[in-house]
Amino acid sequence: MRSVERREFLKGIAAVSAATAGSALAPGTLLSATTGYSQDAQSAVDWSKAPCRMCGVGCGLLIAIENGRAGAVKGDAASAVGKGLACAKGYYSVQALYGRDRITRAMIRRGRGLSVAPMSEALDLVAQRLRETIQRYGKDSVAIYGSAQWSIPDAYVASKLFKGGIGTNNVESSSRLYAASAMAGLQTSFGLDGAIGCYEDVDQADVFVLWDINLAETDPVLFSRMLDRRRRDRSVRIVDLTTRTTRTSYAADRSLLHRPHSGLALANAIAREIVARKWVDREFVDRHVAFKRGKTGIGHGLTDDALVADEAIAANGGDYESFLAPYTAERAQQISGLSAGDIRWLASLYGDRARKVMTVWGEEANRHSRGTWLNNVLYNIHLLVGKIASPGNAALSLAGQPSGGNAVHDAGSLSHTLPRGLVSNAVDRRRAATIWGVPADTISARPARTALPLFRALDRGDIRFLWIQATNPMVSLPNLSRYRRAAAKDGRFLVVSEAYPTPTSDAADVVLPAAMWLEREGVFANVERRAQHFEQIVAPPGEAMSDAWQMIEVARRMGLTRLFPWERRDHVARIWEEYRRFHTDDRSALPAISELRARPGVIWPFVGGRETKWRYNTAHDPAADRARGGFDFYGHADHRAWIWLRPHEPPAESPDRAYPFWLTVGAVLEHFGGGAMTQRIPTLHRSVPRAYLEMNRDDANRLGIRNRETVRLVSRRGAIEIEARIDYRSRPPRGQLFAPSFDEGVPVRQLMLDAFCPLSGQPDTTICAVRVERLGGRNVP
């Protein structure tokens, strides 16, 4: 089913009356009632526990099974995450299992089309083509591109197969698109990946600064906890620092509008105010902080595929003050449009010693060609005032994916990583080789390509075989047309493991039916480092199987059975226990699978039967040395957190006369990722069936554009047609536009520049310069 046909199919969903269908959801809806059963019937139902997989928060769900099908859903009151709540996507999530176009049989391309084939034949062909490609072009001509929705066992098997079995580091995942800058920011500021605090910070903070994140729609359960915290204590304040007025803005105490790509200037100006007004916690900084200067002018990843090797050049507090000197509130106002008075007021919130402050940011900060730097400077603010790694004082980056808590990349599924290590580190390579039972020189010491360079290599022909699992890069990548053409070139062999037809499966030579969440056992880890086990509670349809087991079947066909000596019935437990062998010390210890099965999630490190909720704090972290006085930032060899001198630099692309608008793309409440699942849930699809373009009323009037008129949106990479909406769910200021990214029929990422952060490799997929053209008033049908 091609994209045009799918669009017609999805239109029909809006007319379907599903068992849980009701009126369209109001924007920002947070449900508290069970879906699928009356209240009277609930007591007679057996409920199975599972974490929600529709964002990175990881709310706990209870799911009722009737006649072998998942039906009712309610929040799990025992979950420390959702505390009995879920959002709209969570309550309707099980309907994603039962779309009418579910892929249940393998398909092989014969001629120009895909035809159904036995699963065994498809797996034989995948192994054959993988083996032949290696023989003809070498082991680095093959790659796997997985998902931030991978379970930890899926990611671990991919790493072991390709890095330990085949001997190539060509393992990437869409985690690079969601979490790479958050990962690099933590590693450069603290020496280790993984959140510093946990969601309990929400229950104790006095001020929430939401930095370019529409939390009411992206993570509504977490936002509801903030609202509840304010309800219980009227002195609590929620500040929305944003480029457009959103549902979050309406609920916040103050909403502060700033221009896109001005975050570094704003954060440095806040830091300057803190220093100038003597709000620095000198004792904390002197004992626990070092200052570092890194490389500047590092480009935007447009012409160089390799990541920049940053330098950590020693600096001191005086150097930092000199660096901050140009970042006056007035200069930041010129760059950002936010008033100098508001900048000073923000600084005062952080500087007030009586207030606990929690800063939260997400994809607009991370998907940025200076994403690592922006993470660094946000941590800088908290380090200056000593408000970090303690209850209620937190700096938290949200990844938006179910394994966003560094689980996927910690399992070795990025091109530079091994399970709990780096391919460039000889000690880490020896440990992996020992646990895997392979010669040490099997694992290459050279990091391979990150996500965008991987697809550029497919375009050039350096990659000849690509296996894509549980993700839809032909919708999610920036400058999309370039990479769609690459996938269609002769001499490329594309395998796609997927549950539903997508533009990515359209391009495949082999499609393998994938078992979804609830149809297989697995473990996710959310943003607060909470590992959450889930059982298989329904049977997968047809011949669908988990991503991990598909890879194991192919590995066995390639003669690698000894690396995967597990039975299908217990392979998840066996994989988890092997994975735990990489995490044997107090800094990263993981719970046993029995512990995970007994609880609705466990925060790691898990030491002596206790969760480590606040890392680096000697009162809470058993790995922290108490002799260091309250905090031990043991990720760095000097046992200090690092404040980085990171300047504001111009973006890779800015509006000009030809392309006068900033376009920002992002998420809406009802949809997840590229919409492959949520578009097939009738209630959610009816609420927001198609992507749209939000415009400022003054801009629309100036261009003669009416509400719901179809317009052409044009960038230097291409053009799409999209419905214009005025005064809709959010309101961009003049000169700015917003469009959601869930609709494959309106591929907004086609317009994006394929730049990336040169330190993390995370693509800059949320913003670019565009123009809007009228089409003579034609409306969307």
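Sequence order as written defines the numbering, with residues in each chain counted from 1. In keeping with the predicted nature of the model, local features appear solely for residues at pLDDT of at least 70, side-chain atom pairs appear and are counted solely at 80 or more, and the whole-chain, interface and lining totals rest on all residues. Heavy atoms from the whole structure form the basis of all side-chain values; hydrogens and water molecules are not counted.

**Focus on the overall build of the protein**
Only DSSP runs of H or I covering at least 4 residues are called helices, and only runs of E covering at least 2 are called strands; the numbering of each starts at the N terminus. Scanning the protein from N- to C-terminus turns up 27 helices and 31 strands. Here the radius of gyration uses the C-alpha set of atoms, whereas the globule reference equals 2.2 Å times the residue count to the power 0.38. The C-alpha radius of gyration of the protein comes to 25 Å, within 12% of the 28 Å expected for a compact globule of 781 residues. When its C-alpha atoms are laid out on the principal axes, the protein stretches across 70 × 65 × 60 Å. For every residue, the accessible area obtained with a 1.4 Å probe (protein chains only) is divided by the maximum for its type, and the residue is called buried under 20%, exposed over 50%, and partly exposed between those limits. By residue count, 65% of the 781 residues in the protein fall in the buried class. Whether two residues are in contact is decided by their heavy atoms, any of which lying within 4.5 Å being enough. Contacts in the protein between residues far apart in sequence, at least 24 positions, make up 73% of those at least 6 positions apart. Shrake-Rupley sampling with a 1.4 Å probe provides the accessible areas, and residues are treated as covered by the protein chains on show and by no other component. Total accessible area computed for the protein in this model is approximately 26100 Å², and 47% of it derives from carbon and sulfur atoms. Mean positive and mean negative side-chain charge positions of the protein (104 and 84 charges, respectively) differ by 2 Å. Counted as positive: Lys and Arg. Counted as negative: Asp and Glu. His and the chain ends are not counted at all. A charged residue contributes its charge at one atom only: NZ of Lys, CZ of Arg, CG of Asp or CD of Glu.

**A look at the packing of helix H10 (residues 263-276) against helix H13 (residues 329-336)**
Relative orientation of the contacting elements H10 and H13 amounts to 165°, with a least axis distance of 9 Å. In this view, H10 runs roughly antiparallel relative to H13, as classed from their interaxial angle. Along this stretch, H10 crosses H13, giving a crossing that reads as left-handed. Where H10 abuts H13, its residues Ala265, Leu266, Ala269 and Glu273 lie against Ala329, Ala332, Ile335 and Ser336. In this classification, the charged set is Asp, Glu, Lys and Arg, the nonpolar set is Ala, Val, Leu, Ile, Met, Phe, Trp, Tyr, Cys and Pro, and all remaining amino acids, among them Gly, are polar. Its residues placed into classes, the contact of H10 with H13 shows six nonpolar, one polar and one charged. Throughout, an axis means a line fitted to C-alpha atoms (over the contacting stretch in the case of helices), and angles, computed between N-to-C directions, take values from 0 to 180 degrees. An angle below 35 degrees is read as roughly parallel, one above 145 as roughly antiparallel, one from 65 to 115 as roughly perpendicular, and any other as oblique. Note: crossing handedness is left-handed where the near helix turns anticlockwise from the far helix by less than a right angle, and right-handed where it turns clockwise.

**Considerations on helix H23 (residues 547-557)**
Extensive coverage of H23 is indicated by the burial of nine of its eleven residues. Of all the residues in H23, the buried ones are Asp547, Ala548, Trp549, Gln550, Met551, Ile552, Glu553, Val554 and Ala555. Where H23 terminates, the next one or two residues include Gly559, which has phi positive at roughly 80°.

**Some remarks on the sheet that holds strand S12 (residues 313-315)**
The strands making up a sheet associate through backbone hydrogen bonding, with each pair oriented either parallel or antiparallel. What makes two strands pair is DSSP finding at least two bridges between them. Pairing is mixed in the open sheet, where three strands are placed in the order S12-S11-S25. Looking at the sheet topology across the chains shown, the edges are occupied by S12 and strand S25 (641-645). In this sheet, neighbouring strand axes are inclined to one another by 45° on average, regardless of whether the strands run parallel or antiparallel. Here five bridges tie strand S11 (residues 289-293) to S25, and the two strands are oriented parallel to one another. The residue of S25 that forms the bridge with Arg293 is Leu645. The strands touched by helix H12 (residues 317-324) are S11, S12 and S25; relative to S25, the strand with the most contacts, the crossing angle is about 35°.

**Let's talk about the sheet that holds strand S2 (residues 60-66)**
Sheet architecture is open: three strands sit in the order S1-S2-S3, paired in antiparallel fashion. Single-partner strands in this sheet number two, and they are strand S1 (47-51) and strand S3 (69-75). Across the sheet, the mean angle from the axis of one strand to that of its neighbour is 35°, orientation sign disregarded. Looking at chain direction, S2 and S3 are connected through five bridges and run antiparallel. By the bridge assignment for S3, Glu66 is matched with Arg69.

**Concerning the packing of H10 against H12**
Following both chains from N to C, one finds H10 and H12 inclined at 125°, their axes separated by 9 Å at the closest point. In terms of orientation, H10 lies oblique with respect to H12. The element H10 and its partner H12 pack so that their crossing is left-handed. Between H10 and H12, the contacting residues are Asn268, Ala271, Arg272 and Val275 on the first element and Tyr320, Glu321, Phe323 and Leu324 on the second.

**Here's the deal with the side chain of Thr242**
Structurally, the position occupied by Thr242 is in strand S9 (residues 237-242). Among the residues examined, Thr242 registers a relative accessible area of 6% and is labelled buried. Here a polar contact is taken to be a pair of N or O atoms separated by no more than 3.5 Å, where protein atoms must pair a possible hydrogen donor with a possible acceptor and residues adjacent in sequence count only if both atoms sit in side chains. Engagement of the side chain of Thr242 in a polar contact is seen with the backbone oxygen of Arg244, the distance being 2.6 Å. Setting aside its immediate chain neighbours within four residues, Thr242 contacts Asp212, Ser249, Ser255, Leu256, Leu257 and His258.

**What about the pairing of strand S30 (residues 736-740)?**
The buried count for S30 comes to five of five residues, which makes it a mostly enclosed element. For strand S26 (residues 661-666) and S30, the ladder comprises five bridges, and the chain directions are parallel. Bridge pairing in S30 places Leu663 opposite Leu737. Relative to S30, strand S27 (residues 692-695) runs antiparallel, the two sharing two bridges. In the sheet register, Glu694 faces S30, and the bridge partner there is Phe738.

**Description of the state of the cysteines**
Note: disulfide means a covalent bond formed between the sulfur atoms of two cysteine side chains. Note on terminology: disulfide denotes any pair of cysteine sulfur atoms within 2.5 Å. If you walk through the whole model with that rule in mind, you get zero disulfides. Among the cysteines around Cys55, which has no disulfide bond, Cys59 carries the closest sulfur, lying 5.8 Å off. Left unpaired, Cys87 is separated from the closest cysteine sulfur, that of Cys52, by 5.9 Å. Exposure remark for Cys87: the relative accessible area of 8% places this residue in the buried category.

**Examining the packing of aromatic side chains**
Classification of ring pairs rests on two measures: the distance between centres of Phe, Tyr or Trp rings, Trp counted by its six-membered ring, which must be within 6.5 Å, and the angle between planes, read as stacked under 30 degrees, edge-to-face over 60 and tilted in between. According to the stated counting rule, one finds 24 aromatic pairs in the structure shown. Taking the centre distance of 5.3 Å and the plane angle of 80° together, the rings of Phe284 and Phe631 count as edge-to-face. Highlighted residues: Phe284 in helix H11 (residues 282-288) and Phe631 in the loop between strand S24 (610-611) and S25, separated in sequence by 347 residues. On the numbers, 5.4 Å between centres and 70° between planes, the contact of Trp361 with Tyr379 is edge-to-face. Note that Trp361 is positioned in strand S13 (residues 357-361) and Tyr379 in helix H16 (residues 371-385), a separation of 18 residues in sequence. Among the aromatic residues, ring-to-ring pairing joins Phe190, Phe284, Trp361, Tyr379, Tyr616, Phe631, Phe633 and Tyr634 into one connected group. Here the guanidinium or amino end of Lys74 rests over the ring plane of Trp47, the centre of that ring lying 4.4 Å away. The rule is short: NZ of Lys or CZ of Arg within 6 Å of the ring centre and within 35 degrees of the ring normal puts a charge over the ring. For the cation-ring pair, Arg244 lies above Phe738, with the distance from its terminal atom to the ring centre recorded as 3.5 Å.

**As for the pairing of strand S17 (residues 465-469)**
Most of S17 is tucked away: five of the five residues are buried. Here S17 shows no split at all, with Phe465, Trp467 and Gln469 on one side and Leu466 and Ile468 on the other all buried. Judged from the four bridges that link them, strand S6 (residues 142-146) and S17 form a sheet pairing that is parallel. Within S17, the residue paired with Tyr145 across the bridge is Ile468. Two elements, S17 and strand S18 (residues 493-498), share five bridges in a ladder whose sense is parallel. Of the residues in S18, the one forming a bridge with Gln469 is Ser497.

**Points about the environment of Gly164**
Its place among the elements puts Gly164 in helix H5 (residues 152-166). When the C-alpha positions of Gly164 and Arg568 are compared, they lie 21 Å apart, and in sequence the two are 404 residues distant. Contact partners of Gly164, with chain neighbours within four places excluded, come to Ser159, Trp436, Val438, Thr442 and Leu563.

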